[in-house]
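As a plain string of letters, each chain reads:
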Amino acid sequence: MKNVDAKNHVSGKSIYLDDIPVRQGTLHALLYDAPVAHAIITHIDYSEAEALEGVVRIITHQDIPGENQIGGIFPDEPLLAENDIHFWGMPIALIIAESEYIARQARALVKIEYKELPVITDPREARKQDSLIFPPRTFKIGNPENTWENCEYVFEGEADSNGQEHLYIETQGAYAYPTEHGSIRISSSTQGPTAVQKTAARVLGVDMNRIEVDVTRLGGGFGGKEDQATAWGVLCALAAQILQKPIKYSVHRMDDMRITGKRHPYRSDYKIGLDKNLKIIAYEATFHQNAGAAADLSPAVMERTLFHATNAYFVPNVQVTAYSCKTHLPPNTAFRGFGGPQGMFVIESAIAHAANELGIPARDIQAANLLKDGDEFPYGQIVDYCNAGSTWTDAISTYNIKTIQKEVDNFNINNNHLKKGIAVMPVCFGISFTNTPMNHARALVHVYQDGSVGVSTGGVEMGQGLNTKMVQVAAHIFNIHTNRIKLETTNTTRVANTSPSAASATADLNGKALEIACEKILERLIYVAAKQMNCAEEAISIREEKVCVNGQPTELAWEKLIQTAFLSRVSLSEKGHYATPNIHFDKQKEKGHPFAYHVYGTAITTVTVDCLRGLYEVDSVKLVHDFGKSMNTAIDDGQVEGGLVQGIGWMTMEEIIYNKKGRLLSNALSTYKIPDIYSVPGEITIKPLATEGHPLAIRKSKAVGEPPLMYGIGTYFAIQNAVKAFNPNYILKFDAPFTPEKVLMGLYEGREVLAKVKAEEEKA
Ligand code: MTE
Ligand code: HPA
Ligand code: MOS
């Protein structure tokens, strides 16, 4: 089935937040945000800004009727700064004006005085100063301390990965207006409608039932709108409540980049021990997560780093500890992979380090340690339905790694200034919110009198194809055409108390809830049909819009059946609730069974490095992915391609730079480079692993949103291998992204050329 939104997307008819026709009298909001990262405010003068014609009101923390608090996990984040500034871009006041243009002019007229305080941007520095968001956590299995002496080889080092700007095409935003009885309706570009509702209620000091949040779709979220869309929704609601006017805020790209948090940068230490058969028998890592100035989702992100610290490998003795370090950056947040990629980068670095020292390809170590059924993850879950080995073997043989390696070697012998490198990246990613209580969802289904169907779920469409999958689920259960089914907006008054659309679990959770709702209606329809056909219910089925008796189609078609049911006063509406079975986790013991299942895959990446300029191209990524039984291969392939390219961007070119004072320098698309059509791999081949799928996946079609991002990690090591092929003196570094600048430095470090150039420079 084609994506239900495809036609509207390409013809510009799809409605995003900024496309919603505004109501008469709509006012525009704009934040005045901190021009410094850490300070105490001594004085702010709004008088000139307020005096500007067209400025309606400037709202500060003093105007908040409820709590000035938007922290989702910990209450540590004010909506608007009071006396202290904790990051550059921290919201201080909300300017409401007749147009965005006027609001911008007014913003330039605000005068602030403050006393600057020392700024921390580095998580290691934060840890030294005991500046932590919450206490560290450790996952442990076996006993690494006693294993080091039994290791044939032990290697230690550091691995750092940088943040990543979400760069959803649609920036953050919201539109709110007052309705009856002290209520507010918010249209929000959020992955978490309930988070917006709950936080707006808290800040406005009203009950949750006074706040309605509606989401049509997002022009991308990628985790950046799981928690951080909330502020904009709440700001608009606050102004709407105070002024009793419709308020719109569609955030400018540079404001969005400056004010919102990103993927967490990590700085980590590793220690890896192998026996003589290349079995990893001990692994230790310490992760320093750069959380930024408030908790946001950092505790959950940090948790997933620990869950995925050993990626697709079985290691019997593991101790991994993570610190969530409080710095003066904007609070960092969810980003596709949710801490998992950061953890995996470290163990892949440790393996690359070991392989380099031993003079073997990293894949010899990777292959020797892949997970198998019956193995235990460091967090206690026992491996089952394992496809680590099968995707690996399939990729290695399908794409013939020996031939690829030979081609790369030949190329490198025959080329002086171009070198190729290759790397294999296995992935194992757990599906479920790591926080067990979040794993449930609801759906609401109406069958209308004409046989058409309206479906609401708690899931948010953000480009990942959720709505199409939901249509497929309903069409499958009723056995009717997909064009009879319409996906409604996501609305807190229709489906309440939702978890955010995240953790790649949206289609599983909401799809299973939808199945339950549809099945309940179907059961009633079968009862009606059996009465009508004068036969037993067991004999009835619906196939291709027709009631069948013992598999034989009858004259009773879907529409007629619905009319009959309605006239018999049978309810044609139903809700469904689904909670993932069998999952649990004990945070005291750090053991349990947190994931419904795991998604596996293996990618082989080949790159070519231009050794004169430090530029590189990804020639190909050939992968075998565990889709389960994909319910929509077009959508799922799209998720793999998009995730992969986003992962390549994180690993190679996307470089977030804050200066020492905490100011974002990479603050626009001219200074922050994301992959474009020229930087995607020359070839992406996706082979689905032949499998029966998993019973806890929606229609056995496994979650696909995040896992493919981590294939991108292979690119780092492929480039590194190409650099090694050119420069035997290159000293291995694990410091992503591997930008062309870093590649160039690596190509020439320790080389006579470089020494010569330096000597000449010094002379000059
Ligand atoms: N794909 C598109 N096109 N746009 C997005 O914003 N978000 C990703 C992934 N794929 C995203 C996307 C992230 S971070 C997650 S968690 C999942 O989609 C969420 O959707 P799912 O749970 O339906 O997979
Ligand atoms: N993944 C994504 N988002 C989340 C999670 C998770 O495990 N937990 C809370 N929010
Ligand atoms: Mo995705 S990072 O779980 O929104």
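Residues numbered from 1 in each chain as written. Chains lettered and ligands numbered in written order. Predicted model: local features only at pLDDT ≥ 70, side-chain atom pairs only at ≥ 80, totals over all residues. Heavy atoms only, no water.

Below, the discussion takes up the domain arrangement of the protein. Entries for the protein in the domain assignment read domain 1 (6-117 + 166-259), domain 2 (266-433 + 590-751) and domain 3 (440-579). Using C-alpha coordinates to define each centre, domain 1 is positioned 37 Å away from domain 3. Facing the 20 residues of domain 1 at the interface are 16 residues of domain 3. Buried surface at the junction of domain 1 and domain 3, both sides included, amounts to about 1,300 Å², of which 50% is carbon and sulfur. For domain 1, the biggest contributors to the area lost against domain 3 are Q191, P193 and T194; these three give 33% of the whole. Remark: the boundary between domain 1 and domain 3 carries 8 residue pairs in polar contact (both at pLDDT 80 or more). Take the side of domain 1 that touches domain 3: its biggest share by element is 5 residues, from strand β11 (residues 211-215). Taken together, the residues that form the side of domain 1 that touches domain 3 break down as 7 nonpolar, 8 polar and 5 charged. (Domains from an automatic or database assignment. Contact = heavy atoms within 4.5 Å. Buried area = accessible area lost by both parts, 1.4 Å probe. Polar contact = N/O pair within 3.5 Å; in protein donor to acceptor, adjacent residues only side chain to side chain. Helix = DSSP H or I, 4+ residues; strand = E, 2+ residues; numbered from the N terminus. Nonpolar A, V, L, I, M, F, W, Y, C, P; charged D, E, K, R; others polar.)

Another aspect to go through is the packing of helix α5 (residues 193-204) against helix α6 (residues 230-243). Running from N to C, α5 and α6 cross one another at 40°; their axes reach a closest spacing of 9 Å. Judged on the interaxial angle alone, α6 and α5 are oblique. For the element pair α5 and α6, the recorded crossing hand is right-handed. Taken together, the residues of α6 that come into contact with α5 (itself represented by A195, V196, T199, A200, V203 and L204) are T230, G233, V234, A237, L238 and Q241. The residue inventory of the contact of α5 with α6, partitioned by class, reads 8 nonpolar, 4 polar and no charged. (Axes fitted to C-alpha atoms, helices over the stretch in contact; angles between N-to-C directions. Parallel < 35°, antiparallel > 145°, perpendicular 65-115°, else oblique. Left-handed = near helix turned anticlockwise from the far one by under 90°.)

Now for the site of ligand 2. Around ligand 2, the structure places E226, A300, R304, F338, F433, T434, M438, A502 and A503. R304 has a polar side-chain atom sitting 3.1 Å from an oxygen atom of ligand 2. Between an oxygen atom of ligand 2 and a main-chain N or O atom of T434, the distance comes to 3.1 Å. Protein burial of ligand 2: of its 260 Å² of free accessible surface, 98% is covered by the chains. A breakdown of the residues in the shell around ligand 2 according to their chemical character gives 6 nonpolar, 1 polar and 2 charged. (Near = heavy atom within 4 Å. Areas by Shrake-Rupley, 256 points an atom, 1.4 Å probe, with all protein chains shown as cover.)

All right, on to the packing of helix α13 (residues 466-478) against helix α14 (residues 506-533) then. At a minimum axis distance of 9 Å, the contact between α13 and α14 shows a crossing angle of 30°. Taken together, the axis directions place α13 and α14 in an arrangement best described as roughly parallel. Two packed elements cross with a definite hand, and for α13 against α14 that hand is right-handed. Two secondary-structure elements touch here, α13 through L466, K469, M470, V473, A474, I477 and F478 and α14 through T506, A507, N510, G511, L514, E515, C518, E519, I521 and L522. The residue makeup of the contact of α13 with α14, split by class, is 11 nonpolar, 3 polar and 3 charged.

Turning our eyes to something else, we now look at the pattern of salt bridges. What the rule picks out here adds up to 42 salt bridges. Where R137 meets E590, a salt bridge forms, and the shortest distance between an N and an O atom there is 2.7 Å. Here R137, found in strand β7 (residues 132-141), pairs with E590, found in the loop between β25 (584-586) and β26 (591-593); they are 453 residues apart in sequence, far enough to count as distant. When sorted by exposure, R137 lands in the same class as E590, which is buried. The salt bridge involving K629 is made with E692; its shortest N-O contact spans 3.9 Å. (Salt bridge = Lys/Arg side-chain N within 4 Å of Asp/Glu carboxyl O. Buried < 20%, exposed > 50% of the residue type's maximum accessible area, 1.4 Å probe, protein only.)

Strand order in the open sheet formed by 3 strands is β4-β2-β6, and the pairing between neighbours is antiparallel. Looking at the sheet topology across the chains shown, the edges are occupied by β4 (84-85) and β6 (111-116). Here strand β2 (residues 39-45) pairs with β4 via 2 bridges, running antiparallel. Within the sheet, the bridge partner assigned to A39 lies in β4 and is I85. (Pairing = 2+ DSSP bridges.)

Around ligand 1 sit 17 residues in total, of which G221, F222, M462, T506 and Q639 are the nearest. Contacts to ligand 1 include Q464, whose side-chain N or O atom sits 3.1 Å from an oxygen atom. In this structure, an oxygen atom belonging to ligand 1 sits 3.2 Å away from a main-chain N or O atom of A505. Across the shell around ligand 1, the residue classes break down as 6 nonpolar, 9 polar and 2 charged.

This brings us to the nonpolar core. One recurring pattern in soluble globular proteins is that nonpolar side chains are buried together. Core analysis: the largest hydrophobic core is formed by 159 residues, its most contacted members being Y283 and F478. Ranked by residue count, the leading element in this core is α14, at 13 residues. Both domains that furnish three or more residues to this core are identified here as domain 2 (266-433 + 590-751) and domain 3 (440-579). Ranked by size, the runner-up nonpolar core spans 62 residues in total, among them V36, A97, L204 and M462. (Core = buried A, V, L, I, M, F, W, Y, C linked by side-chain atoms within 4.5 Å.)

Moving on, we come to helix α9 (residues 340-358). The end-to-end C-alpha distance of α9 is 27 Å, a good match for the 27 Å that 19 residues give at a rise of 1.5 Å each. Across the 19 residues of α9, 16 count as buried, placing the element largely inside the fold. Downstream of α9 by a residue or two, G359 has a phi angle that is positive, lying close to 70°. (Expected span 1.5 Å × (residues − 1).)

Within the fold, K419 resides in strand β16 (residues 418-431). No salt bridge is formed by the buried K419; the nearest opposite charge belongs to D409, separated by 9.9 Å. Engagement of the side chain of K419 in a polar contact is seen with the backbone oxygen of N412, the distance being 2.8 Å. For K419, the contacting residues outside a window of four places in its chain are F411, N412, V607, T608, V609, C611, A722, A725 and F726. (Lys, Arg positive; Asp, Glu negative; His and termini not counted.)

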